[in-house]
Amino acid sequence: MNKLLAPFAALLVLTAAIVGYFAFAQNQAVAADAAAIGSDAPAFTLKNVATSEAVSLADYKGKVVVLMFHSIGCPFYAMNETKGYDRVFVPMVESYKGKDVVFLAVNANKNESTDAIKSYLDKHSINYAVLKDEGNKIADAYGAKVTPHVMVIDSQGKLRYRGGVEKRPANPGACGQSDEQYLGPVIEALLNNSELPATETPATGCGIKRV
């Protein structure tokens, strides 16, 4: 490397490390202030990206609500034939049609505009609403750190689960393949009024890009 460029390269590495540290610290602070499991789920009214209609959590009182914190760019989320959780979520949503379960995605990434999200939805057959969380206020309230980070709210409006879809996949191509599933059993337990197999688990994905 050119001796004149070496100090600039070192500065770039140091800057990236500092940015990464503060992003990590920010997510840890958010988690500390998040709603507790068993407490009232934080209320929200957000815009449906596809229709521009307002969607409120209160609209779904009496149903189990699954919130998936969303990204169109994260390889652990975005639709792809061979990787990512959108290829898992779409058939899962379909399997719960006719039951008292609602799936909503919340996009809190500052670098993913409503226009970009709408283009993504126009390109792919997504069977659940995607809501835009400007300023990541709802992500903060729920303690969402990554995409996808999943929250499950019971029919009484209580936050009952926060975590991953399944045991940590090794890479985006392994999404949906774990022999230890988290989300499906939690939903089934709530529908059957039985004890939840877990209330908090690790979530795997890309860090939410906060303001």
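This one's a predicted model, so the numbers in the text were calculated from it and none came from an experiment. (Residues numbered from 1 in each chain as written. Predicted model: local features only at pLDDT ≥ 70, side-chain atom pairs only at ≥ 80, totals over all residues. Heavy atoms only, no water.)

J.: Please set out helix α3 (residues 114-123) residue by residue, giving values where relevant.
T.: Buried within α3 we find I117, Y120 and L121. Summarising the axial view, the buried residues of α3 lie within an arc of 95 degrees, below the 170-degree limit, and thus occupy one face. Residues D115, D122 and K123 are exposed on α3 and point more than 90 degrees away from its buried face. In this structure, the buried residues of α3 make contact with α2 (86-95), β4 (101-107) and β5 (129-132). (Buried < 20%, exposed > 50% of the residue type's maximum accessible area, 1.4 Å probe, protein only. Helix = DSSP H or I, 4+ residues; strand = E, 2+ residues; numbered from the N terminus. Arc of directions from axis to C-beta. Contact = heavy atoms within 4.5 Å.)

J.: So what's going on with unusual backbone geometry? Which residues, and what values?
T.: Looking along the chain, the bond that leaves T147 and enters P148 is cis, with omega of 0 degrees. For N193, which is not glycine, the phi dihedral falls at a positive 55 degrees. Looking at where N193 falls in the secondary structure, it is placed in the loop between α5 (183-191) and β9 (206-207).

J.: How would you summarise the pattern of salt bridges if you had to cite specific residues and measurements?
T.: A full pass over the atoms with the stated rule returns 7 salt bridges. E94 is paired through a salt bridge with K97; the nearest N and O atoms lie 3.3 Å apart. (Salt bridge = Lys/Arg side-chain N within 4 Å of Asp/Glu carboxyl O.)

J.: Summarise empty space enclosed by the protein; cite the residues concerned and give the values.
T.: Vacant regions in the atomic arrangement are exposed by a probe of water-molecule size rolled over the atoms. Counted by the stated rule, this structure contains 1 cavity of 30 Å³ or more. In this structure, the largest cavity encloses a volume near 30 Å³. Lining the largest cavity are Y85, P148, G164, V165, E166, A203 and T204. Of the residues that constitute the lining of the largest cavity, the class distribution is 4 nonpolar, 2 polar and 1 charged. (1 Å grid on protein atoms, 1.4 Å probe; cavity = no way out; pocket = protein on both sides within 12 Å on 5 of 7 lines; lining within 4 Å. Points joined across faces, edges and corners; volume = space filled by probe spheres on them. Nonpolar A, V, L, I, M, F, W, Y, C, P; charged D, E, K, R; others polar.)

J.: Lay out the state of the cysteines with the relevant residues and their values.
T.: A covalent bond between the sulfur atoms of two cysteines is referred to as a disulfide. Evaluation of the coordinates by the stated rule reveals 1 disulfide. Each sulfur of the disulfide joining C74 and C206 lies 2.1 Å from the other. Because the torsion about its S-S bond is 80 degrees, the bridge between C74 and C206 counts as right-handed. Highlighted residues: C74 in the loop between β3 (64-69) and α2 and C206 in strand β9, separated in sequence by 132 residues. C175 forms no disulfide, and the closest cysteine sulfur to it belongs to C74, at a distance of 8.3 Å. Judged by relative accessible area, which is 1%, C175 ranks as buried. (Disulfide = S-S within 2.5 Å.)

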